[in-house]
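So you can see what is in the structure, the chains are spelled out below.
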Amino acid sequence: MSDTGLYDLYSERILGLAAAIPHLDPLPVPGAHGQRRAPMCGSTIGVDLVIEDGRIAGFSQQVRACALGQASAAIFGAQAIGRSRAEVQRARDQLEAMLKGGPVPEAPFDDYAVLQAARDYPARHGSILLAVEATLAAWDAAEA
């Protein structure tokens, strides 16, 4: 990775997001828990959810991830409350497509544009997808 690539990948905006992750406080009564781990780097994100009327009514995340995983958790966490499962799945699919060279996810997840520099670093993709995938895992647990 060149110095320029590192600068783009770990920009001030990404580091700022990583330092300001929302919804880190535990939920008083979580309805479901999901966790995912990125095997390439060991980053882990756990998510607790409360789902009401098919939407996220309560959201908490436990983030033990690299700066990119933390930035992704901040972006996702800022928009998680009020989302349906279909919206979360669409965000996940669009984020994965963006990392493979596709367009930026649609609003309200368009802040993922800041992570476009990670396209060239597939080893980082797993960490970036963790927050959304852990949320879907929690949703699966809630439905089980």
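These figures come from a predicted structure and were not determined experimentally.

**What about the overall build of the protein chain?**
Okay, step 1: If you tally the helices and strands in the protein chain, you get five helices and three strands.
Okay, step 2: Its helices and strands taken in sequence order, the protein chain reads α-α-β-β-β-α-α-α from the N to the C terminus.
Okay, step 3: Taken over C-alpha atoms, the radius of gyration comes to 14 Å for the protein chain, in line with the 15 Å a tight globule of 144 residues would show.
Okay, step 4: With respect to the principal axes defined by its C-alpha atoms, the protein chain has extents near 45 × 25 × 25 Å.
Okay, step 5: Buried positions account for 46% of the 144 residues belonging to the protein chain.
Okay, step 6: Expressed as a percentage of contacts within the protein chain between residues at least 6 apart in sequence, the contacts between residues at least 24 apart total 62%.
Okay, step 7: Split by element, the accessible area of the protein chain, about 6,900 Å² in all, is 50% carbon and sulfur.

**Describing the packing of helix α3 (residues 67-79) against helix α5 (residues 125-143)**
Okay, step 1: Interhelical geometry of α3 versus α5 gives an angle of 40 degrees and a closest axis separation of 6 Å. As far as their axial angle goes, α5 and α3 are oblique. For the crossing formed where α3 meets α5, the hand is right-handed. Contacts from L68, G69, S72, A73 and F76 in α3 reach S127, I128, A131, V132 and T135 in α5.
Okay, step 2: Taken together, the residues of the contact of α3 with α5 sort by class into six nonpolar, four polar and no charged.

**Things to note about the side chain of Q94**
Okay, step 1: Within the secondary structure layout, Q94 lies in helix α4 (residues 85-99).
Okay, step 2: Owing to a relative accessible area of 18%, Q94 belongs among the buried residues under this scheme.

**Focus on the nonpolar core**
Okay, step 1: The biggest cluster of nonpolar side chains holds 36 residues, and the ones touching the most others in it are I45, F76, L95, Y112 and L115.
Okay, step 2: When contributions to this core are tallied by element, the ones reaching two or more residues are α2 (12-18), β2 (44-52), β3 (55-64), α3, α4 and α5.
Okay, step 3: It is α5 that provides the largest number of residues to this core, a total of nine residues.

**Quick look at the pairing of strand β1 (residues 32-37)**
Okay, step 1: Bridge count for β1 against β2 is six bridges, and the pairing is antiparallel. Within β2, the residue paired with G34 across the bridge is V47.
Okay, step 2: A loop of six residues connects β1 with β2, the two strands running antiparallel in sequence, and G42 in this loop sits at a positive phi of about 85 degrees.

Thresholds, definitions, all that
Residues numbered from 1 in each chain as written. Predicted model: local features only at pLDDT ≥ 70, side-chain atom pairs only at ≥ 80, totals over all residues. Heavy atoms only, no water. Helix = DSSP H or I, 4+ residues; strand = E, 2+ residues; numbered from the N terminus. Rg over C-alpha atoms; globule rule 2.2 N^0.38 Å. Buried < 20%, exposed > 50% of the residue type's maximum accessible area, 1.4 Å probe, protein only. Contact = heavy atoms within 4.5 Å. Areas by Shrake-Rupley, 256 points an atom, 1.4 Å probe, with all protein chains shown as cover. Axes fitted to C-alpha atoms, helices over the stretch in contact; angles between N-to-C directions. Parallel < 35°, antiparallel > 145°, perpendicular 65-115°, else oblique. Left-handed = near helix turned anticlockwise from the far one by under 90°. Nonpolar A, V, L, I, M, F, W, Y, C, P; charged D, E, K, R; others polar. Core = buried A, V, L, I, M, F, W, Y, C linked by side-chain atoms within 4.5 Å. Pairing = 2+ DSSP bridges.

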